[in-house]
Amino acid sequence: VTGVQTCALPIYASGWKKITLHHLDIYSPNVDLLTFLKRQNLQSTSVAQINKMFRDFYRPFACVITNHQTHEFFLVRDHFGFEPFYYVMPHHTSKPLCFGSTLPDILTHLDSPMLDTSQVSDVLMNVCFSSLKYTDQTYYKHVFRVTPGHTIHLSVDGSVVEQRHKYWGLEPGTPQVHYTSDANYDSHFEVLLQEACEVSCEQSPDAVALEFSGGLDSSSILTTLNQLNITPQLLMHAGENSQEDRK
């Protein structure tokens, strides 16, 4: 756990790595993201600039950028929320900004964590009626998730002002795709799968690993990578040392 006094606001970053670029401190649990930001040589921050930079970074990530000159913080989470990202929002500079990848990381820094009974009740009701929806709220008061595809902008000037900005999202009302045959659907899916593999491997095409089970999903990805002249290192999980597993 790292405790840092920065931008007139204490920070507790649980288990996240940190790099410094000029007057910016950047925290993330994702090494590939930090490497990407080093290459960008980020020197200044604005909501528009940050949103544009992360819009095309199609990997799971969570990130906090602090600007010492402007006393600003930017909390950014990947497009679909694959990377967990929890935080406690300080409403005054006497309270720290705590963030981490798990709830226990956050609860460690709370004097007296309080269960949000209304949120627990809502979740249970939604489960019963099969209407579970995403929410930034957690089961604990004052502990939140960062919305996928969003940037939270915090400015510190005596108090903490919060603004939310959506940098990416699936647009509502997008027309559905209708083809006349299954072959056309297969062809379109093949194009999309190849594009996805290209994007995922573009930063390190010579250092790709694939968790390979031999099923339809991993076999399709391996075939696509071979078509792109990318040879991944194959990884497999072994179960119990039984006769069935050895088969």
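Preceding this section is the structure that the text describes.
Residues numbered from 1 in each chain as written. Predicted model: local features only at pLDDT ≥ 70, side-chain atom pairs only at ≥ 80, totals over all residues. Heavy atoms only, no water.

## A word on a negative patch on the surface
Taken together, the side chains of Asp56, Glu195, Glu198 and Glu202 make up a negatively charged region of the molecular surface. By the secondary structure assignment, Glu195 is in helix α5 (residues 182-201). You can call Glu195 partly exposed: its relative accessible area is 47%. (Patch = residues over 30% accessible without salt bridge, like charges linked within 9 Å, V, L, I, M, F, W, Y side chains within 5 Å. Areas by Shrake-Rupley, 256 points an atom, 1.4 Å probe, with all protein chains shown as cover. Salt bridge = Lys/Arg side-chain N within 4 Å of Asp/Glu carboxyl O. Lys, Arg positive; Asp, Glu negative; His and termini not counted. Charge placed at Lys NZ, Arg CZ, Asp CG, Glu CD. Helix = DSSP H or I, 4+ residues; strand = E, 2+ residues; numbered from the N terminus. Buried < 20%, exposed > 50% of the residue type's maximum accessible area, 1.4 Å probe, protein only.)

## Things to note about the environment of Phe57
By secondary structure assignment, the location of Phe57 is in the loop between α2 (47-55) and β5 (62-67). With a relative accessible area of 3%, Phe57 lands in the buried category. For the pair formed by Phe57 and Leu33, sequence separation is 24 residues and the distance between their alpha carbons is 8.5 Å. The residues contacting Phe57, other than those within four sequence positions of it, are Asp32, Leu33, Phe36, His79 and Gln203. (Contact = heavy atoms within 4.5 Å.)

## What to know about the side chain of Asp78
Among the secondary structure elements, Asp78 is positioned in the loop between β6 (72-77) and β7 (86-88). Of the buried charged residues, Asp78 lacks a salt bridge, with Arg77 as the closest side chain of opposite charge at 4.9 Å. Polar side-chain contacts of Asp78 include one of 3.2 Å to the backbone nitrogen of Phe80. (Polar contact = N/O pair within 3.5 Å; in protein donor to acceptor, adjacent residues only side chain to side chain.)

## Regarding the nonpolar core
Ranked by internal contacts, the top residues of the largest apolar core, which has 20 residues, are Ile26, Leu33, Leu37, Phe54, Phe61, Cys63 and Ile65. Every element with two or more residues in this core is listed here: β3 (17-21), β4 (24-28), α1 (31-40), α2, β5 and β6. With 18 residues, the next largest nonpolar core counts Ile11, Met89, Leu97 and Val146 among its residues. (Core = buried A, V, L, I, M, F, W, Y, C linked by side-chain atoms within 4.5 Å.)

## Looking at the sheet that holds β4
The antiparallel open sheet is built from six strands, whose spatial order is β3-β4-β5-β6-β10-β11. Strands at the two margins of the open sheet, each flanked by one partner only, are β3 and β11 (159-166). Taking the axes of each pair of neighbouring strands and ignoring which way they run, one obtains an average angle of 15° across the sheet. Here strand β10 (residues 150-157) runs beside β11; their pairing, made up of eight bridges, is antiparallel. Paired with His150 across the strands is Lys166, a residue of β11. Across the sheet, α2 touches β5, β6, β10 and β11, and the angle it forms with β6 is around 25°. (Pairing = 2+ DSSP bridges. Axes fitted to C-alpha atoms, helices over the stretch in contact; angles between N-to-C directions.)

## As for the layout of surface pockets
Any empty space left between the atoms is revealed when a probe the size of a water molecule rolls over them. Of the pockets and cavities examined, the second largest pocket occupies roughly 340 Å³. In terms of lining residues, the second largest pocket is bounded by 13 residues, among which Tyr58, His79, Phe80, Ala196 and Val199 are the most central. Grouping the constituent residues of the lining of the second largest pocket by class yields eight nonpolar, two polar and three charged. (1 Å grid on protein atoms, 1.4 Å probe; cavity = no way out; pocket = protein on both sides within 12 Å on 5 of 7 lines; lining within 4 Å. Points joined across faces, edges and corners; volume = space filled by probe spheres on them. Nonpolar A, V, L, I, M, F, W, Y, C, P; charged D, E, K, R; others polar.)

## Things to note about helix α4 (residues 117-128)
Each α-helix winds once per 3.6 residues, and so residues spaced three or four apart point in a common direction. Compared with an ideal rise of 1.5 Å per residue, which puts twelve residues at 16 Å, α4 spans 17 Å between its outermost C-alpha atoms and is within 8% of the ideal. Residue Ser130 follows α4 closely and has a positive phi angle near 55°. (Expected span 1.5 Å × (residues − 1).)

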